[in-house]
Amino acid sequence: MKNIIKLLVLIPLLAACDDLFTPAIENIRPLDAMYKEPTYAQGILANAYILLPYSSSPNSDAATDDAVTNESASSFLKMATGSWTSNNDPMSQWQARKNAIQYLNIFLANSDSVIWAKDPLIRTMYNDRLKGEAYGLRALQMLHLLRAHGGWTADGKLMGVPIVTLPETPTSNFNVPRNTFQECVKQINDDAATAISLLPLDYGDISDANIPSKYKTLGITNAGDYNRVNGNIMRGRITGRIVEAIRAQTALLAASPAYSAGTTVTWDDAANYAAVVLDRINGVSGLSATGATWYSNATEISNLASGVNPAEIIWRSGKDNSASAGGLDLEKNNFPPSLYGKGRINPTQNLVDAFPMVNGYPISDPLGTYVLATPYTNRDPRLTKYVLVNGGTQGPSNTVITTGTFGTNNDALNKENGLSTRTGYYLRKLLRSDCNPDPNFNTAQFHYTAYIRYTEIFLIYAEAANEAYGPTGKGTHNYSAYDVVKAIRARAGVGASNGDAYLESVKGDKDKMRALIRNERRIELCFENKRFYDLRRWKVNLNETAKGMQIEKQASDGTLIYNSIDVEARAYKDYMFYGPIPYSETQKWSQLQQNVGW
Amino acid sequence: MLITNEYTMKQIQIRFIICVMFAFSSFHFVEAQTTTANETDSTKNANNSMVQVAYRKVPQSNLLGGVSVVNIEELTKKNYSTYSLDNMQGYVGGWNGNSLWGMDDYLVLVDGVPRDANNVSPTEIEQITFLKGASAVVLYGSRAAKGVVYISTKRGKAGEFKVSARANQGMNVAKSYPKYLGSSEYMTLYNEARANDGLSAQYSANDIYNSGSGNNPYRYPNVDFYSSDYIKKTSNRSDLTAEISGGNDRARFYTNIGYIGVDDVFKFGEAKNNSTNRLNVRGNIDLTINRYIKAHVNANATFYNSLSAKGDYWKAASTLRPNRVSPLIPLSYIEKNDVNSLTLTDNSANIIDGKYFLGGTKVDTTNIYADYYAAGRSKWTSRQFQFDTGIDIDLVRVLKGLSFSTQFAVDYATSYTTSYDNRFAVYSPSWTSYNGKDVIASLTKINNDKKSGVQNISGSSDKQTIEFSGQLNYVTSINDSHNFSATLVAAGYQQTQSQVYHRTSNANLGLQLSYNYENKYFVDFGAAEVHSAKLAEGHRNAFSPSLTLGWKLNKEGFLANSSVVNDLTLSASGSILNTDLDITSNNSKYGDYYLYNTNYNQADGAWWGWYDGASEHSTNSMRWENKDLTFVKRKEFSVNAKTALWKNLITADASFFINSMEGLIIQPSTTFPSYFSTGYPSSSFLPYVNFNNNKRIGFDFNINLNKHIGEVDFSLGLTATYIKTEATKRDEYHDDAYSYRKGHAIDGVWGLKNLGFFKDAADVAASPDQKNPVKPGDIKYKDQNGDGVIDANDEVYLGKSGWYGAPLTTGVNITLKYKNFSFFALGTGSFGAVGMKNSSYFWVSGDTKYSEVVRGRWTEATKETATYPRLTTESGNNNFRSSDFWLYKTDRFNLAKVQITYDFPKKMLQNFVVHEISTYISGSNLLTLSKERKLLELSTADAPQTRFYNIGFKLVF
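Below or above, wherever it landed, is the structure these notes cover. (Residues numbered from 1 in each chain as written. Chains lettered and ligands numbered in written order. Predicted model: local features only at pLDDT ≥ 70, side-chain atom pairs only at ≥ 80, totals over all residues. Heavy atoms only, no water.)

On to the overall build of chain A. Broken down by element type, chain A carries 20 helices and 12 strands. Taking 25 Å as the expected radius of gyration for a compact globule of 598 residues, we find that chain A reaches 27 Å, a close match to that expectation. Each principal axis of the C-alpha atoms in chain A carries an extent, and together these give about 95 × 80 × 55 Å. Looking at chain A as a whole, 59% of its 598 residues are labelled buried. For chain A, long-range pairs separated by at least 24 residues make up 70% of all intrachain contacts whose partners lie at least 6 apart in sequence. Just so you have it, chain A exposes about 21,400 Å², and 52% of that area is on carbon and sulfur atoms. Of the charged side chains in chain A, 59 are positive and 58 negative; the average position of the first set lies 2 Å away from that of the second. (Helix = DSSP H or I, 4+ residues; strand = E, 2+ residues; numbered from the N terminus. Rg over C-alpha atoms; globule rule 2.2 N^0.38 Å. Buried < 20%, exposed > 50% of the residue type's maximum accessible area, 1.4 Å probe, protein only. Contact = heavy atoms within 4.5 Å. Areas by Shrake-Rupley, 256 points an atom, 1.4 Å probe, with all protein chains shown as cover. Lys, Arg positive; Asp, Glu negative; His and termini not counted. Charge placed at Lys NZ, Arg CZ, Asp CG, Glu CD.)

The structure is reproduced here in structure tokens:
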């Protein structure tokens, strides 16, 4: 009893009145805590990195003519088959981009007050770099916002999005009209210019002699001080080189058929911006020989030093080999079911048909010698690198995959809902054969996501130069569209036997050359979430029915019979060349005009 | 500055009073234990008709409304039940089984301490009071603002020593099982679904035939989860209770020791041993220490153990299709010379009964049967200790009529799960026919056997409650006609839960002033000064007043001698309660405190990195500041009428109420851009503001009729509770007037209106864009706004879901006593709500299991009579969305309970050690009357609903 009494007396004393009269102390901090704590301040900027507009899986390609998905609940499948509305927009960038820009604006408004380092000179260098990053990231976020939501309004104007360069608070005026597309492009270019002036071209440790003059004149004499701010340990963050590439992407978008009537950006601008990036690797000669298989260059990837880019890559994600995440996710999702994958992304016959013959001619060209009975022979070598076809092999044991209807396991066409291919093809690009999703093994390998590749910039140059200077014109540069395409096709092993006769045959025809460049772009950048917007900026047919290949075996002699089948109809409307402004936002803000049709 | 001072002062006052009371109580308690008790002159046991209300007991006849009471001790004599709040809506109005007056929360107090209602058994309970009205709960402060269910446990009485024992044996019998299609029918219809999608058949006629024939269920599985091969028809429940009570004028005690054991229905594997048992000991002591001081101590300990095999059978039963895997395959099917396969099975750790191996496929790498045999088991253990003590001091020496009481409670609960998690291999057979016999040609092993032998401990949590209250009471009467009473209370409690940083807290001062003139005219004033640490300084206190006026008409001259009216009391009350119950964040991770502050947070930021390997946290805004964030208000007006007629032949009690919950907090989305908040990284720039309002109007009543008819004692009770809710203010913006939630029930079900099925392609072409690929046989919807598109803007209000109980809840109870027999029956009804047939039992698409509903599917041939859309292996997005096609009414009447009790004649037991014996049989949940009975009795992904039959004995020694 005595103990109980003791307890009775003691407990009210021990139990402090936290949360009863005053709240228990929580780590609640105001924004200005960032001034004295650089990691806290850097955490504000971090949001723009966390919200980078890049995806590690090729989801949006399933909403194009390149692929379908076997996941019936996929929002991209639903979008492609007719559910796309302004309040159901899987491609919407509004939330994430604008949120990132808000954090960037907060960062830019406060960065000057942050004590990044005790030494004022080093603090200046930090502030330069971090603000440079913020400007560069704002340009990037803005570009992706503009691409997803820019469009023509009912009054015939090409509009972008409201430009916001200052932090917003709950008392800000949100009911503001959209800026024009052109104003947005200018904003991106202005931010890019500021970023380029503040950022190093690349991060990396340097010697005293190489300290940039702007810092030398400030009084930085010790390379160690510079390296602390801009050295090896900063690799992977946005650089001047990356911002230059973003500028080229922006110009290509603005000069494209869907937007050119509303902007002053020319193909020449796009070619020039792209050339700035390409000249840094000496043009065509800098094209990485192994760039087409960047995702599976096993030795190259495993030997990558921390933060270092392979020759093909301008910007990439960190590399990941965790079996529970990025080291095996793509294989778990996309390997054929017999290899314990879910067979998600299924390349279409449309895409397969876009790969030329190995002699360089399209399959529709009689000179290509395409044989329907052996559709995968003598084809562009990239076909079987990017697409797993019937009879191809996959997985660590090089298992033969049968997608024909005669297959005996779930790899066969439409055999098992949600696992089997719907088109007769499985994805191979982005995947590594040395991974094994079999739960008994769970073997993961290093993967990274390519944010920006040199090949893309080459293709931007080719597309723009062909329009600006013709197939073989060079403008003020040392290489033409023809030169670029020839190099890319040569790297792929196309036309090696005949001097790429097909390319030679179209180099005098700008229109045919345009078609070829677009086709090369489709192939080279397939399954990298590019096709969805490429189709739109070119204003080409969005509604090509996604087709597949049904392969049957003749009972009598075992020969295979190939029949093209319709797999999924596309239900886009013409106004869907441009994405919508979110419905909830146009409802709230009367000044926010919707794009036509939505 | 002035305001701050004022609030600070109040705070200091509250603290001071509480602290003083503690000091006081502890002091006296210590003294009490060391003082030799004096003889006391009067400890007459409590008036039986006393009803526990907030911090005091009042005679039932003087209750002024908003309070209902059930005498559980009496009820248990004729109605044995297993859960404290079991079907209470059958006895009182205002409680609808889920809530009090339709509100979304209520506080359970067991002997005045916040505790779980399911941790106190009916045999331990004396009385349950339902404090519904705002006027009834005002003294309990903020966290009681949505009503209190007060459970009072039994106590010992002076002058009697009583030992009784009770034993029950009952069984649960499933009401119905879901009806899923067998393999051959499933395969046939799946082929039809594929054809509808333009795909070729998946199953050959041969496969379908073989599955149907059942000749070899191992090669052609046809698994019926509800077969008697796997589950028993019944499960058992037994309990034993012993009660000992007694005492004298000085000390009284009560003890209850109970044991409950429940088993499960599974016949196989580890699940055979599934069971739950509970052991509890409750005891209390009342001490009359001297003329002025009384004390009590209550304690309870409960031990739960629950043993279960790993896996969820009922969920698996609703998803695993019958033809997919054969869970157990006889070894005898393996060819004798297939050395490889035999080696595999020889090395298997899981050969069942020496003759079966575990089957599986690459897709279905495990199944619930294999889990139950091989995955191991887990044991959930829970311990609850509850202790409270109190003291009552008569301060007559200070002032006549003045007394002081205090109570202090400490509860501790802990629970954890221990488990053995085994991994195991399954084997996928490849079959062939050999001389007309099926044999397994080869086996593929999937996964590996692995018994770690390590006991894992998980889900470990503990919870502690500390409660304290102190009160000064004053009662006086002038000339026997002016009757005053006053109570001043200081109270608080805190609950601490493991892994939750902030505690649940309540602190308030309460004041109750009552006056009546000759028990005829009543005025009750109740008020609380509530305090909440969730709000900004200067906003933490609020004053909650409540005023009730009552009039006992039967005391007036014109009714005083009435032979008809024995009691007629009218009362009305108005209250404004302040509560912080609804001051909660959208993100439980960040707790409910400091919501008024701007908060940037790095600790919970998302990880990010740059060069391969770097990782840091982002810094994110969690919310914008709003220092003006304040309490939510419950504003209520209610009237109550109570009567007793014809010498209590009929007693009735009715209430009407209208209440408005105002200033419910939201993060307003219509005034700020959508990008002001993001889910990843978790971030928001939105402030929390008081905004939404909800209104509830309703009435409740109960009528009891008691009559002797010859040798039969007859009593009948009728109850009803009706609630109409309305969202009166919402943060919303819609294009169309009909889309506004405002003006509709707060538990509204919204969805599209259907126009039947698309007849043909022309019908599809001529109809609005459904925003999904549709074909004939899909559901066609009404384009409410005429914009040519079917989308969320075409959704309309379809009905009430009855979140917190159906709009109308009714109850009827009948008792008949004839000689030593008594018959009791209870019925409950609920009406006015709707449900949506949206489980996977009804929404069948893709690879879901097919239930019998798909038999009514649309086909070209049955288009006129079809009751179900065309089948599809795609997502079925168009058909399977909220619409009135799937709506059904949940109106029902239940025969909840029937019990027949026989009390052995006392004469028979003279000179016997046992004084009383009674025995009873009962049935629970026997019958449902409803248009949708089958639907309402169906559980698809959960254990089936059951009828419960019980036989019991009670002995009093």
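Residues and elements named next belong to chain A. Packing of helix α5 (residues 120-149) against helix α8 (residues 223-230) brings their axes to within 9 Å, and their N-to-C directions diverge by 30°. One finds that α5 runs roughly parallel with respect to α8. Crossing of α5 against α8: the hand is right-handed. The segment α5 lies against α8, with I122, M125, Y126 and R129 engaging D225, Y226, R228, V229 and N230. (Axes fitted to C-alpha atoms, helices over the stretch in contact; angles between N-to-C directions. Parallel < 35°, antiparallel > 145°, perpendicular 65-115°, else oblique. Left-handed = near helix turned anticlockwise from the far one by under 90°.)

This next bit is on the interface of chain B and chain A. Facing 91 residues of chain B, the contacting portion of chain A comprises 83 residues. Between chain B and chain A lies a buried interface of about 7,400 Å² when both sides are counted; carbon and sulfur atoms form 56% of it. At the junction of chain B with chain A, the criterion picks out four salt bridges. A salt bridge links D612 of chain B to R316 of chain A; the nearest nitrogen and oxygen atoms lie 2.8 Å apart. For the side of chain B that touches chain A, the element with the highest residue contribution is helix α1 (residues 2-34) of chain B, accounting for eight residues. Across the side of chain B that touches chain A, the residue classes break down as 40 nonpolar, 35 polar and 16 charged. (Buried area = accessible area lost by both parts, 1.4 Å probe. Salt bridge = Lys/Arg side-chain N within 4 Å of Asp/Glu carboxyl O. Nonpolar A, V, L, I, M, F, W, Y, C, P; charged D, E, K, R; others polar.)

On to empty space enclosed by the protein. Residues and elements named next belong to chain B. Counting across every chain of the model gives 11 cavities of 30 Å³ or more. Considering only enclosed or pocket space, the largest cavity measures out at about 130 Å³ in volume. Together, 16 residues line the largest cavity, and S121, T123, D239, T241 and I260 are the ones closest to its centre. Looking at the lining of the largest cavity, the elements with two or more residues in it are β9 (234-247), β10 (251-263) and β11 (275-288). When the residues that make up the lining of the largest cavity are grouped by side-chain class, the tally is five nonpolar, eight polar and three charged. Size it by volume and the second largest cavity reaches roughly 100 Å³. Taken together, G102, R696, I723, T725, I746, D747, K800, Y804, G805, A806 and P807 form the lining of the second largest cavity. When the residues that make up the lining of the second largest cavity are grouped by side-chain class, the tally is five nonpolar, three polar and three charged. (1 Å grid on protein atoms, 1.4 Å probe; cavity = no way out; pocket = protein on both sides within 12 Å on 5 of 7 lines; lining within 4 Å. Points joined across faces, edges and corners; volume = space filled by probe spheres on them.)

All names here are of chain A. Mapped onto the elements, Q182 comes out in helix α6 (residues 181-198). Overall, the relative accessible area of 23% leaves Q182 in the partly exposed class. Along the sequence, Q182 and G160 sit 22 residues apart, while their C-alpha atoms lie 7.5 Å from each other. Once you skip the residues sitting within four places of it in the chain, Q182 turns out to touch G262, T263, T264 and V265.

So, on to the side chain of N597 of chain B. Looking at the secondary structure, you find N597 of chain B in the loop between β24 (565-579) and β25 (599-601). Of the polar contacts made by the side chain of N597 of chain B, one reaches the side chain of K627 of chain B; its length is 2.6 Å. Each residue touching N597 of chain B, except ones within four places of it in the same chain, is listed here: I28 of chain A together with R623, W624, E625 and K627 of chain B. (Polar contact = N/O pair within 3.5 Å; in protein donor to acceptor, adjacent residues only side chain to side chain.)

Inspection of every chain in the model, using the stated rule, returns 73 salt bridges over all chains. For the salt bridge of E456 of chain A with K530 of chain A, the shortest nitrogen-to-oxygen distance reads 3.6 Å. Pair noted here: E456 of chain A is in helix α15 (residues 454-469) and K530 of chain A is in the loop between α18 (510-524) and α19 (531-538), with a separation of 74 residues, a long-range link. Take E456 of chain A and K530 of chain A: they sit in the same class, and that class is buried. Of the charged contacts in the structure, one is a salt bridge between E916 of chain B and K906 of chain B, with a shortest N-O distance of 3.8 Å. Taken together, the residues E916 of chain B in strand β44 (residues 916-929) and K906 of chain B in the loop between β43 (892-903) and β44 connect sequence positions 10 residues apart. Residue class for E916 of chain B comes out partly exposed when judged on its relative accessible area of 33%.

As paired strands, strand β8 (residues 162-174) of chain B and β9 of chain B are joined by 12 bridges and run antiparallel to one another. Along β9 of chain B, the bridge assignment pairs Q169 of chain B with S238 of chain B. (Pairing = 2+ DSSP bridges.)

With that out of the way, let us pick up the state of the cysteines. All told, the structure shown has zero disulfides over all chains when counted by the stated rule. C435 of chain A takes part in no disulfide bond, and the closest cysteine sulfur to it belongs to C526 of chain A, at a distance of 19 Å. (Disulfide = S-S within 2.5 Å.)

Of note, the bond from Y680 of chain B into P681 of chain B is cis; its omega dihedral lies within 30 degrees of zero at -10°. With respect to the helices, strands and loops of the structure, P681 of chain B is situated in the loop between β31 (677-678) and β32 (683-684). Positioned with a positive phi, F527 of chain A is a non-glycine residue whose angle comes to about 60°. Tracing the sequence through the fold places F527 of chain A in the loop between α18 and α19. One non-glycine residue, W101 of chain B, adopts positive backbone phi at about 50°. Look at W101 of chain B and you get buried, because its relative accessible area is 0%.

Residue and element names in this part refer to chain B. Locating V454 in the fold gives a position in the loop between β18 (437-446) and β19 (455-478). Under the relative-accessibility criterion, V454 is labelled partly exposed at 44%. Put simply, V454 and T867 are 413 residues apart on the chain and 53 Å apart in space, counted from C-alpha to C-alpha. For V454, the residues in contact, after removing those within four places along its chain, are S419 and Y420.

All names here are of chain B. Together, L240, I257, Y259, L279 and V281 make up an exposed nonpolar region whose accessible area comes to about 410 Å². Contributions of two or more residues to the nonpolar patch are made by β10 and β11. Considering the arrangement of structural elements, one finds L279 in strand β11. (Patch = residues over 30% accessible without salt bridge, like charges linked within 9 Å, V, L, I, M, F, W, Y side chains within 5 Å.)

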